[in-house]
Amino acid sequence: MRKIAIIGNGISGITAARHLRKLGDDEIVVVSGETDHFFSRTALMYIYMGHMTYEHTKPYEDWFWTKNNIQLLRVWVQELKPEEKQLLLSNGEHLSYDQLIIATGSKSNKFGWPGQDLPGVQGLYSYQDLELMEENTRNIQKAVIVGGGLIGVEMAEMLRTRNIEVVFLIREKEFWDVVMPKEEASLIGRHIIEHHIDLRKETELKEIIAGDNGRVNAVVTKSGETIECQYVGLTAGVSPNINFLKESGVNLDRGVLVDRYLRTNLPDVYAIGDCAQFSDPLPNRRPIEQVWYTGRMHGETVARTIMGKDTAYKPGIWFNSAKFFDIEYQTYGHVWNELKENEQQFYWEHPGGKKCIKFVYHKESNQLLGVNTFGIRLKHQVLDQWLGDKRDIFYVLKNLREANFDPEFYTRHEQEIVECFNRQHPSASITIKSGIFSSLFS
Amino acid sequence: MRLIQTTGLILFLLGFAIFIGSFFLSNFQITKEQLEEVLTESEIKTLEPHLQHMVNQEYGSNFSFIHDLNQTFIEANEFTMETYGLSKVDLEAIAGSSGASYPRDFSLDVLDQVFNSGDEVDIFKKKAFTDYGGWLDQRAYESREGLLGDLGSVAENFNKYGIIGQKGFDKYRVKDLKYELAKSSSTGPVKDSPWLFLGLTYALGILGAIMYILPKIKSDGPPGIRNNNIHFSPMKHRGWLGIVTGTFFISFYIFLYYFPEYMTNWIIMVDPVSFLLKGSPAGRFFLYGFLYTLTILVMGTRMLINYRHSNYQIARTISVMFFQTSFAFLIPEFLLRLNKPFFDFKNIWPLDYDFFFDNELSTLINSGSLGIFMLGWGIALIVLGVPILVYFFGKRWYCSWVCGCGGLAETLGDSYRQLSDKSLKAWKVEQWMVHAVLVFAVVMTAGVLYTYWTGSSEILGLNTYGIRETYGAWIGAGFAGVIGTGFYPLMGNRVWCRFGCPLAAYLGIVQRFKSRFRITTNGGQCISCGNCSTYCEMGIDVRWYAQRGQNIVRSSCVGCGICSAVCPRGVLNLENASEKSRFNKPVLIGNDSFEVRE
Ligand SMILES: Cc1cc2nc3c(=O)[nH]c(=O)nc-3n(C[C@H](O)[C@H](O)[C@H](O)COP(=O)(O)OP(=O)(O)OC[C@H]3O[C@@H](n4cnc5c(N)ncnc54)[C@H](O)[C@@H]3O)c2cc1C
Ligand code: SF4
């Protein structure tokens, strides 16, 4: 029986632990300084907004860990000593291991702005950040958020539930247009404004200023404008949380460098999740993937390798999802913010301006390459299949009903979408397959 | 906007305060005429001597009035017992002189000598002894003690069951009379102007509620899920306000079911409505139905506004509002007006636990073809309606689209759905408890039908009337009412449906084993956030399934669709589809690193 230590009880570390337990009976110790139990980081916003309590965000009841014989240690790891196969813990003790998984996640980016460490200025990543935010935003009137990504928009939504005025500074022309094509980016932008967020496009932060009490009091933008506020949220991305590994001898770049098997340069040491960086990334994939789903898949995969079934990380078709205030977003395959050469797109937007769908397909072969959908739910399984089978846009539109995942009685738009396509491509004249009655008695 | 809402809240609270105030706001004065109206002639004779001091006496509070009334019935019954009870002396006399020789055969003929005066009391005692002690006739006894022993048990039975039922006031009659007397002898402002009070309470309350609710369309921002601050709310997170509200609900039900005589003012207030609808005065269940329906309509409007972005929620809410207003409230009242049996066409046994009670059956059978139709309809719902509709749509067709209990849970109770317990332990308790109630309901009904057909009230040593009385008091009133609704702010809005409703158990068994309904999960999209589980009113840990890509097939799921509505990643969908795909292998799409999933 080996002793497997896992640093980090986030989705990647915990998934690894669960799968290790499923596959064998080694001793498993999960170490984390953040919380006693695994909770869903993606739900942090809902705790602040009062939708849920911390307890609700724990995906497994507390007895689960004892029942599955997974030991949990609430302590920080200060140092990795690979020669002795030991971890030095913040309580002064040592933890030895036979196999080690590093799954330490991320921390918020700070770009050296003057005043970025003032009281009242913070990022949002950990449970402690959330507690701090609760403190920092008590009885304040106005906040500034810097950096327009997913966490930024979540923070804006959080603050609005406390009736705090929000000024949202984004460097880009449209919200998140480094990832989103412009139609979608502007749709979200409009929705953000509808929620009474003061969205300032193409505005960069220059410095953060303290007031007499030493707390943040205002920010100054690069154009010289001063915006008074009592809170600043820094949400300009995250980066791997690996400082404690600097001296350990494990190869680092921005993250812990790993091969396709999630192995580091050190024997018996693996890295997964947000903190792992592929030295040789897969085509069309980023070297560091900071999403929930990939963290989970890393965990599933590394457990097999450690159990002796060497398994390379081979993610399937890319997918992701998010919610911007009330608008749900899903994506399958690849939709880049700019069309690539050989790519063509078809975009449909509902007259109400809160739903849209975009298909990107190959210019010559018409093969579907990616889909973005807002306000319409699609079936993951169907899109995965279509993209995997290299279906063309005509097939996809014709069968679009099959892919819908909206609740019953929702207004369906497939007909409109296909008519719109036909108008733009008169030669296509696609007729949509009706799906309503076939499904009732299937 | 805020101003309208605040005014609304104030008006609502004012209406509510007047409603509560009116509970204490009556005087009572019993007159001779009222006694004659409410009591039978012989009852007056029995009661009058003990009631003398109450007649024409003014009472300023329901508590003192009912206290005295209680006293009156106790005294009257004690007196009756003394008068008509078989005393030791009677028994000694029946047993004959101690000098008689044993063994000997006992004969009932002795009664003619013992009860020989020919007055009413003797005639009664003689008949009663013959009824209860007939089995002693011609029995052989070894000793006088043996005989006395048997005589004693006859007397005991008779004193216990025979006298009060025939000559005094049994507990049911006492309950009715207390209520009737209180209602008819009540005086005061409410009695004088019920319309005014109807306006000051209901109209004001509804107006206030609507003023509070409607502006949410604008003040809550664009349509979408707004569960903001729920877990900080003193009302929705078992805070002080939730406890106060729960206490109010619980007290209301306790008075309604067990002490209706105290709430006569509330009933008098709705008399005018009752007269309009069915041409006769209101009873406590009219009040209940009226209040219940209004609550569903007002809180249903709130639901419609909160979920105005979801057509599923809109359709479902309109459906429960419709079925409550028409099927549960108006149609039965109109039927009464037409002299037809009171009948709720959507209520199904065993939720409708008295459907097979002898009095109910006789009413239906004696009401001509309509009655027979009702009987057939009720049975068809049980044997055909439930399985067929659950097969096609899941139990939701009933529980969250039609049912009255469900209707209240989904409207008034919506704010409390997050309070249901999601633990595995709670699930275990639930399975055990709800099925136990189902068994109880079936056994109780079997006993009732046995008695109906055979006339014998005893089966396997159990008294069928006893069983049905226990069921009615503990399950029908206690569990479904007091706990079912009273505990909304404490344990969530489906306590009854989840732990107690025998119909839900029956629907659930069909749903689990033979149905096309399931909640599907969307590939690998779940982020384990927990919104679905938190807002599941049935306490299903939805996330547990979603995060491993497994369809949710659970007997308890009422298909309210809220998990799907609150899921921020579009993971959950309520579907009816081929049974084959129902129990899927848990699969999370997206990882091609290995083929076969463990
Ligand atoms: C607010 C927010 C919203 C998000 N929403 C989404 C979303 O909607 N969809 C999505 O796909 N992704 C989302 N993400 C990203 C997603 O949460 C992360 O990609 C994912 O949680 C990473 O998981 P992980 O297991 O790699 O690391 P983490 O979840 O970060 O877990 C790492 C753990 O290790 C602990 N740790 C670190 N260093 C040490 C040490 N030295 N000693 C001991 N313990 C240590 C940390 O405290 C932490 O508990 C969101 C992130 C945030 C912050
Ligand atoms: S609400 Fe949706 S994303 Fe959140 S746990 Fe449930 S299914 Fe998963």
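This is a predicted model, so every value here is computed, not measured. (Residues numbered from 1 in each chain as written. Chains lettered and ligands numbered in written order. Predicted model: local features only at pLDDT ≥ 70, side-chain atom pairs only at ≥ 80, totals over all residues. Heavy atoms only, no water.)

The next point concerns the overall build of chain A. Secondary structure assignment for chain A yields 12 helices and 25 strands. For 442 residues, the compact-globule formula gives about 22 Å, and the C-alpha radius of gyration of chain A, at 24 Å, lands near that figure. For chain A, the spread of C-alpha atoms along the three principal axes comes to 70 × 60 × 40 Å. The burial tally for chain A puts 58% of its 442 residues in the buried class. Considering only contacts in chain A between residues 6 or more positions apart, those separated by 24 or more positions represent 60%. (Helix = DSSP H or I, 4+ residues; strand = E, 2+ residues; numbered from the N terminus. Rg over C-alpha atoms; globule rule 2.2 N^0.38 Å. Buried < 20%, exposed > 50% of the residue type's maximum accessible area, 1.4 Å probe, protein only. Contact = heavy atoms within 4.5 Å.)

For the rest of this paragraph, the subject is the interface of chain B and chain A. Opposite the 65 residues of chain B that make contact, chain A presents 66 residues. Interface area for chain B against chain A, summed over the two sides, is near 5000 Å², with a carbon-plus-sulfur share of 46%. The interface formed by chain B and chain A contains two salt bridges. In this structure, Arg 396 of chain B engages Glu 408 of chain A in a salt bridge whose closest nitrogen and oxygen atoms are separated by 2.8 Å. Put simply, the parts of the chain that give the side of chain B that touches chain A at least two residues each are α16 (311-337), β8 (517-521), α26 (531-534), α28 (562-566) and β9 (572-576) of chain B. It is β9 of chain B that contributes the most residues to the side of chain B that touches chain A, five residues altogether. (Buried area = accessible area lost by both parts, 1.4 Å probe. Salt bridge = Lys/Arg side-chain N within 4 Å of Asp/Glu carboxyl O.)

What follows deals with the site of ligand 2. Cys 526, Cys 529, Gly 530, Cys 532 and Cys 567 of chain B are the nearest of the 13 residues found near ligand 2. The residue makeup of the shell around ligand 2, split by class, is nine nonpolar, three polar and one charged. (Near = heavy atom within 4 Å. Nonpolar A, V, L, I, M, F, W, Y, C, P; charged D, E, K, R; others polar.)

In the vicinity of ligand 1 lie 32 residues, with Ser 12, Glu 34, Tyr 125 and Asp 274 of chain A together with Arg 569 of chain B positioned nearest. Ser 32 of chain A is positioned such that a nitrogen or oxygen atom in its side chain is 3.3 Å from an oxygen atom of ligand 1. Elements with a minimum of two residues in the shell around ligand 1: α1 (11-23), α5 (150-160) and α7 (292-306) of chain A. Here the residues of the shell around ligand 1 are counted per class, giving 13 nonpolar, 14 polar and five charged. The residues that make up the shell around ligand 1 include at least three from each of domain 1 (3-107 + 239-306) and domain 2 (121-236) of chain A. (Polar contact = N/O pair within 3.5 Å; in protein donor to acceptor, adjacent residues only side chain to side chain. Domains from an automatic or database assignment.)

Moving on, we come to the domain arrangement of chain A. Residue and element names in this part refer to chain A. When cut into domains, chain A gives domain 1 (3-107 + 239-306), domain 2 (121-236) and domain 3 (319-439). Distance between the C-alpha centres of domain 1 and domain 3: 36 Å. Summing the contributions of domain 1 and of domain 3, the shared interface buries around 500 Å²; its carbon and sulfur component is 57%. Contact with domain 3 buries area across many residues of domain 1, yet Asn 284, Val 291 and Tyr 293 alone supply 74% of it, more than any other trio.

Turning next to the nonpolar core. One finds Leu 87, Leu 159, Phe 324, Phe 359 and Leu 397 of chain A to be the most contacted residues of the largest nonpolar core, which totals 125 residues. Counting residues per element, this core draws most heavily on α7 of chain A, which supplies six residues. By size, the runner-up hydrophobic cluster in this structure holds 71 residues, among which are Phe 343, Leu 351, Val 448 and Val 542 of chain B. (Core = buried A, V, L, I, M, F, W, Y, C linked by side-chain atoms within 4.5 Å.)

With that settled, the discussion passes to the sheet that holds strand β1 (residues 3-7) of chain A. All names here are of chain A. Within the open sheet, the five strands sit side by side as β3-β2-β1-β7-β19. Their pairing is parallel. In this open sheet, the two strands that pair with only one neighbour each are β3 (70-74) and β19 (269-271). Across this sheet, the average inter-strand angle for adjacent strands is 20°, counted without regard to direction. Where strand β2 (residues 27-32) meets β3, five bridges bridge the pair, whose relative direction is parallel. Bridge pairing in β3 places Ser 32 opposite Arg 74. (Pairing = 2+ DSSP bridges. Axes fitted to C-alpha atoms, helices over the stretch in contact; angles between N-to-C directions.)

Residues and elements named next belong to chain B. Domain annotation of chain B identifies domain 1 (1-20 + 198-221), domain 2 (88-150), domain 3 (224-513) and domain 4 (516-594). Using C-alpha coordinates to define each centre, domain 1 is positioned 27 Å away from domain 3. Opposite the 14 residues of domain 1 that make contact, domain 3 presents 16 residues. In this assembly, domain 1 packs against domain 3 so that about 1500 Å² is buried in total across both faces, 78% of it on carbon and sulfur atoms. Here domain 1 is connected to domain 3 by zero salt bridges. Connecting domain 1 to domain 3 are four residue pairs in polar contact (both at pLDDT 80 or more). Of all elements in the fold, only α1 (2-23), α11 (194-213) and α12 (216-219) reach the threshold of two or more residues within the side of domain 1 that touches domain 3. Ranked by the residues each element gives to the side of domain 1 that touches domain 3, the list is headed by α11, at six residues.

All names here are of chain A. Counted residue by residue, strand β21 (residues 319-324) has six buried out of six residues, so it is predominantly covered. Here β21 shows two buried faces, one formed by Phe 319, Ser 321 and Lys 323 and the other by Asn 320, Ala 322 and Phe 324. Alignment of β21 against strand β22 (residues 327-333), held across six bridges, turns out to be antiparallel. Within the sheet, the bridge partner assigned to Phe 324 lies in β22 and is Ile 327. Between β21 and β22, which pair antiparallel in sequence order, lie two residues; one of them, Phe 325, sits at a positive phi of approximately 50°.

Before going further, it helps to spend a moment on the packing of α11 of chain B against helix α15 (residues 284-306) of chain B. Residues and elements named next belong to chain B. The N-to-C vectors of α11 and α15 enclose an angle of 15°; their axes lie 9 Å apart at closest approach. By the angle between their directions, the pair α11 and α15 is classed as roughly parallel. Classified by chirality, the crossing of α15 by α11 is right-handed. On the side of α11, the interface is formed by Leu 198, Tyr 202, Ile 206, Ala 209 and Ile 213, while α15 contributes Leu 287, Phe 290, Leu 291, Leu 294, Val 298, Thr 301, Arg 302 and Ile 305. (Parallel < 35°, antiparallel > 145°, perpendicular 65-115°, else oblique. Left-handed = near helix turned anticlockwise from the far one by under 90°.)

To continue, consider the pattern of salt bridges. Residue and element names in this part refer to chain B. The tally for this structure, following the rule as stated, stands at 51 salt bridges over all chains. A salt bridge links Lys 278 to Glu 333; its shortest N-O distance comes to 3.2 Å. Of the two residues, Lys 278 sits in helix α14 (residues 264-278) while Glu 333 sits in helix α16, which places them 55 residues apart along the sequence. Here Lys 278 matches Glu 333 in class, with each residue buried. The residue Arg 494 makes a salt bridge to Glu 410 at a minimum N-O spacing of 2.6 Å. Linking Arg 494 in the loop between α23 (488-491) and α24 (495-499) with Glu 410 in helix α20 (residues 404-411), this pair joins segments that are 84 residues apart in sequence. According to the relative accessible area criterion, Arg 494 is buried, its value standing at 2%.

What follows deals with the side chain of Thr 264 of chain A. Residues and elements named next belong to chain A. Mapped onto the elements, Thr 264 comes out in the loop between β18 (256-258) and β19. In this structure the side chain of Thr 264 is engaged in a polar contact, spanning 3.2 Å, whose partner is the backbone nitrogen of Leu 266. Engagement of the side chain of Thr 264 in a polar contact is seen with the backbone oxygen of Val 269, the distance being 2.8 Å. Sequence-distant contacts of Thr 264, that is, excluding residues within four places in its chain, are made with Val 250, Val 256, Leu 257, Val 258, Val 269, Tyr 270 and Ala 271.

On to the pairing of strand β10 (residues 142-146) of chain A, then. One face of the sheet, then the other: side chains in a regular strand alternate in exactly this way. Residue and element names in this part refer to chain A. Among the five residues of β10, four are classified as buried, and the element is accordingly described as predominantly covered. When β10 meets strand β11 (residues 165-169), the two strands line up parallel, connected through five bridges. Residue pairing in the sheet places Ala 143 in a bridge with Val 166 of β11. The parallel pair β10 and β11, bridged by α5, forms a crossover whose chirality is right-handed. Relative to strand β16 (residues 231-234), β10 runs parallel, the two being bridged by four bridges. Within β16, the residue paired with Val 144 across the bridge is Val 232. (Right-handed = clockwise from strand over helix to strand, strands pointing away.)

A few words now on the packing of helix α9 (residues 171-185) of chain B against α14 of chain B. Helix packing for two helices is described by the angle between their axes and how far apart those axes are. Residue and element names in this part refer to chain B. The contact between α9 and α14 brings their axes to 10 Å, and the two run at 60°. Here the hand of the crossing between α9 and α14 comes out right-handed. When α9 is examined against α14, the residues Tyr 179, Ala 182 and Lys 183 are found in contact with a partner set consisting of Thr 264, Ile 267, Ile 268 and Asp 271. Here the residues of the contact of α9 with α14 sort into four nonpolar, one polar and two charged.

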